[in-house]
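Residue-level structure breakdown
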Amino acid sequence: MKTTAGRRILIFGVVLAGFWAAQASGQAPAPPSTSWQWPVSTPEEQGLDPKVLADVVDLIRKNEILPRLHYLIIVRHGRLVLEENFHGWGPGKLHTLQSVSKSFTSALVGIAIARGEFKGVDEKVLDFFPGLTGIANMDERKAAIRLEDLLTMRSGTDYHEQGESSPHFQLNRLTSGWDKFYLDRPMLGPPGKEFRYDSGGVILISAMLRNRAGTHAAAYAERFLFKPLGIKPWFWFGNGEGHTHTGGGLNLTARDTAKLGLLYLRGGRWGDEQVVPEAWVRECLKMHVDLTVAGQPPSGYGYLWWVLAPDPRGDGKQFVYAARGRLGQYIFIVPEHDMVVVVLADAKTSPEMAKPMQVFYDRILPAVRH
C-alpha cells in the first residue's frame, strides 16, 4: 500500500507557475498528518474482490485507463483498503481539489448555522453585507437571493466560467474585491429557478463567513473542520485580502480528502464529536435540483454536492453522492456499500475529466462482493 500525495497548486484559470514547478519537481514535500491514522485493512477482509481492484490498478499503470491519474483511494467500512499513487506522485505532497473545495465549503456553512453565525439557508445574501453600498445592477431579484440559492447554483446571477473572458476568469485575475465583483453582476432571472454552474456564489460564502464569524473560510475551516478531522497540512488559496477561494482553491493530501467522504458517510460524526450536524449532512445530500435527462439515470444537485445514480448492481434505491472538481478530482460516497472512493488527477479534456466516473461505476463498484 502506498502513501498518497499531491500538488500544492490551484489551476482555476490563472496558473501559479513557479509554485507548481517546485511541487511537481518534488521539492519541499509536506509532512504527512500524524494526528489521526487511518485503520488499514485489505479489500478481501472488507468484502471487496481483490482481483477486480488489482486489475483496475494494473490498467491504470499501463495507461490503458485514466492516463493522468495521480491517486486512487478506497475506504470500506471505515478502513483504508486500497491506496495507490501513479506517475511519480509520491508521499507527503498536497494536491489541488479544484471544485471539490465547494463540498468542504458546504460543511462550513452547516457548522456556521449550527453555531448561530448564519441564521439559515433562507437568509438573504445581501443581509450579510449591510455596510456595502453602491452595488451595481440592483433590483428586486438580486435583493431576493438567499444563501440556499448559492448552495444550489440557482442565484440567477450572470456568472459563468466559459472562456478566459468569462466572469470567473475575470474574478480569478483580481487580487481584491471578489465579493463586490460578484454582487455587481447583472441578473439573468429570478433566484431559485434555473441551475447554472456558479463558482462565484460559492466564493462569496467566504466573505459571508468573514462578516459574521470574523474570519474567512480558510481560518474557519482550520478551527472547526480541519482540526477535528486531523487534516494537516493543507493549503487554501486566497486573494490579497485573504479572501479564501472557496470555489476551488483547497489543496489536501488524498488521505485527508477521503476524510470528508467518511465524515459525510458517518452523518457528520468523527469519533466522539459531531463535527457537522447530521441534519445538515442530510440536506447537503438531498436532491434539491433534479438534473435528470430523459432516458438517462437520475442525477441532481444538493448543497454543493452532486447526487448520482445508484449502483446498478445494487438495490437501485440509494443514491451515490460526489464532490467533483475540474481536472478529474472526485470524492464518491456510496452509503449502500459503506464506501468512499477518492480520485485525484490532472485530466486535460472534458471527456478525460469525466472518465473517472465511468471507471467508478464500471470497474470499482463491481468489486463489491457483500
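Residues numbered from 1 in each chain as written. Predicted model: local features only at pLDDT ≥ 70, side-chain atom pairs only at ≥ 80, totals over all residues. Heavy atoms only, no water.

Our next topic: the side chain of Ser206. Structurally, the position occupied by Ser206 is in helix 8 (residues 199–213). One polar contact links the side chain of Ser206 to the main-chain amide nitrogen of Thr244, over a distance of 3.4 Å. In contact with Ser206, not counting residues within four places along its chain, are Thr215, His216, Ala217, His243, Thr244 and Thr246. (Helix = DSSP H or I, 4+ residues; strand = E, 2+ residues; numbered from the N terminus. Polar contact = N/O pair within 3.5 Å; in protein donor to acceptor, adjacent residues only side chain to side chain. Contact = heavy atoms within 4.5 Å.)

Glancing now at the layout of surface pockets. Empty space within the largest pocket amounts to approximately 730 Å³. Lining of the largest pocket is provided by 26 residues; of these, Ser99, Glu161, Gln162, Tyr197 and Arg326 occupy positions nearest its centre. A per-element tally of the lining of the largest pocket places helix 12 (residues 350–364) first, with three residues. Here the lining of the largest pocket is composed, by residue class, of nine nonpolar, 12 polar and five charged. Of the volumes computed, that of the second largest pocket is approximately 380 Å³. As for the second largest pocket, its lining consists of 16 residues, and the residues nearest its centre are Pro298, Ser299, Leu308, Met357 and Tyr361. Looking at the lining of the second largest pocket, the elements that each hand over two or more residues are strand 10 (306–308) and helix 12. Tallied by class, the residues present in the lining of the second largest pocket amount to 10 nonpolar, four polar and two charged. (1 Å grid on protein atoms, 1.4 Å probe; cavity = no way out; pocket = protein on both sides within 12 Å on 5 of 7 lines; lining within 4 Å. Points joined across faces, edges and corners; volume = space filled by probe spheres on them. Nonpolar A, V, L, I, M, F, W, Y, C, P; charged D, E, K, R; others polar.)

With five of its six residues buried, strand 11 (residues 320–325) lies for the most part within the structure. Of the strand pairs in this sheet, strand 10 and strand 11 are connected by three bridges, and their pairing is antiparallel. Across the sheet, the residue bridging to Val307 is Tyr321, located in strand 11. Where strand 11 and strand 12 (residues 329–334) come together, five bridges link them in antiparallel fashion. Bridge pairing in strand 12 links Ala323 to Ile331. Hairpin remark: strand 11 followed by strand 12, antiparallel, with three residues in the connecting loop; positive phi at Leu327, about 75 degrees. (Buried < 20%, exposed > 50% of the residue type's maximum accessible area, 1.4 Å probe, protein only. Pairing = 2+ DSSP bridges.)

The subject of this paragraph is the pattern of salt bridges. Taken as a whole and judged by the stated rule, the model has 23 salt bridges. One salt bridge in this structure joins Arg369 and Asp49, with 3.9 Å as the shortest N-O distance. Of this pair, Arg369 sits in the segment after helix 12 while Asp49 sits in the loop between helix 1 (17–24) and helix 2 (50–61); the two residues are 320 residues apart in sequence, bridging distant segments of the chain. With a closest N to O distance of 3.0 Å, Asp256 and Lys259 form a salt bridge. Placement of the pair is Asp256 and Lys259 together in helix 10 (residues 254–265), with a separation of three residues, close to one helical turn. A relative accessible area of 3% means that Asp256 is categorised as buried. Each of the salt bridges in this network shares a partner with another, and the network as a whole consists of Asp122, Arg146, Glu148 and Asp149. (Salt bridge = Lys/Arg side-chain N within 4 Å of Asp/Glu carboxyl O.)

Spatial ordering of the open sheet is given by 3-5-4, a layout of three strands whose pairing is antiparallel. Bordering the open sheet on either side are strand 3 (95–96) and strand 4 (235–236), each of which pairs with just one other strand. Alignment of strand 3 against strand 5 (residues 250–252), held across two bridges, turns out to be antiparallel. Paired with His95 across the strands is Leu252, a residue of strand 5.

Time to look at the side chain of Ser199. Topologically, Ser199 is positioned in helix 8. On the basis of relative accessibility, which here comes to 1%, the residue Ser199 falls in the buried class. Only 2.7 Å separates the side chain of Ser199 from the side chain of Lys102, close enough to count as a polar contact. Setting aside its immediate chain neighbours within four residues, Ser199 contacts Ser99, Lys102, Tyr159, Glu161, His168 and Gly247.

The next thing to look at is the nonpolar core. Leu72, Phe104, Met208, Leu225, Tyr264 and Val276 are the most contacted members of the largest nonpolar core, which has 114 residues in total. Residue contributions to this core peak at eight residues, all from helix 9 (residues 217–229). Apart from residues no more than four positions distant in its own chain, Leu72 is found in contact with Val56, Ile60, Leu82, Glu83, Glu84, Phe86, Val341, Val342, Val343 and Ile364. (Core = buried A, V, L, I, M, F, W, Y, C linked by side-chain atoms within 4.5 Å.)

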